[in-house]
Amino acid sequence: MKYENIDYEKIYSYYIEDYKIRRNELICLCPFHEEDTPSFNANLEKGVYKCFGCGAKGNIITFVAEMENITNKEAWKKIEMLGR
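What counts, and at which threshold
- Residues numbered from 1 in each chain as written.
- Predicted model: local features only at pLDDT ≥ 70, side-chain atom pairs only at ≥ 80, totals over all residues.
- Heavy atoms only, no water.
- Helix = DSSP H or I, 4+ residues; strand = E, 2+ residues; numbered from the N terminus.
- Rg over C-alpha atoms; globule rule 2.2 N^0.38 Å.
- Buried < 20%, exposed > 50% of the residue type's maximum accessible area, 1.4 Å probe, protein only.
- Contact = heavy atoms within 4.5 Å.
- Core = buried A, V, L, I, M, F, W, Y, C linked by side-chain atoms within 4.5 Å.
- Arc of directions from axis to C-beta.

Caption draft 1: Broad picture of the overall build of the protein chain. Tallying secondary structure elements over the protein chain gives 3 helices and 5 strands in all. Along its sequence from the N terminus, the protein chain presents helices and strands in the succession α-β-β-β-β-β-α-α. Its C-alpha radius of gyration of 12 Å places the protein chain within 12% of the 12 Å reference for a compact globule of 84 residues. In terms of overall dimensions, the protein chain has a C-alpha envelope of 35 × 30 × 20 Å along the principal axes.

Here it is as structure tokens:
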């Protein structure tokens, strides 16, 4: 699987239930810290994310690795599995 074949919304939505899409951005409460106002944004064209509340940022691989508490290599395998 190559980066251009990844459905970023599908991967992010596996971990995040309640979100909104505005243009090409997924916006929601940050999964990395407690908050009341959405500050987590993920670009669905590039797969990168940033939380303006806690400062978490990265790409789809680092996101899955953080969510699953696994290595980046293991995260890539998980992304390939979820992308099927």
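From this point on, the discussion continues.
Caption draft 2: Geometry of helix 2 (residues 60-68). The set of residues buried in helix 2 consists of Ile60, Ile61, Phe63, Val64 and Ala65. If you follow the buried residues of helix 2, they end up packed against helix 1 (8-15), strand 3 (40-43), strand 4 (49-51) and helix 3 (72-82). Positive phi shows up at Asn69, right after helix 2, with a value of about 55°.

Caption draft 3: Highlighting the nonpolar core. Counting residues in each nonpolar core, the largest one holds 23 residues, and the members touching the most others are Tyr12, Leu26, Phe40, Ile60 and Phe63. Every element with two or more residues in this core is listed here: helix 1, strand 2 (25-28), strand 3, strand 4, helix 2 and helix 3. Looking at this core element by element, the count peaks at 5 residues for helix 2.

Caption draft 4: Layout of the environment of Phe52. Residue placement: Phe52 occurs in the loop between strand 4 and strand 5 (57-58). Overall, the relative accessible area of 57% leaves Phe52 in the exposed class. As for Phe52 and Cys30, which are separated by 22 residues in sequence, their C-alpha atoms are 9.0 Å apart.

Caption draft 5: Inspection of helix 3 at higher detail. Those residues of helix 3 not exposed but buried are Ala75, Lys78, Ile79 and Leu82. The buried residues of helix 3 all sit within an arc of 100° when viewed along its axis, so they share a single face. Turned more than 90 degrees away from the buried face of helix 3 sit Lys73 and Lys77, all of them exposed. For helix 3, the elements touching its buried residues are helix 1 and helix 2.

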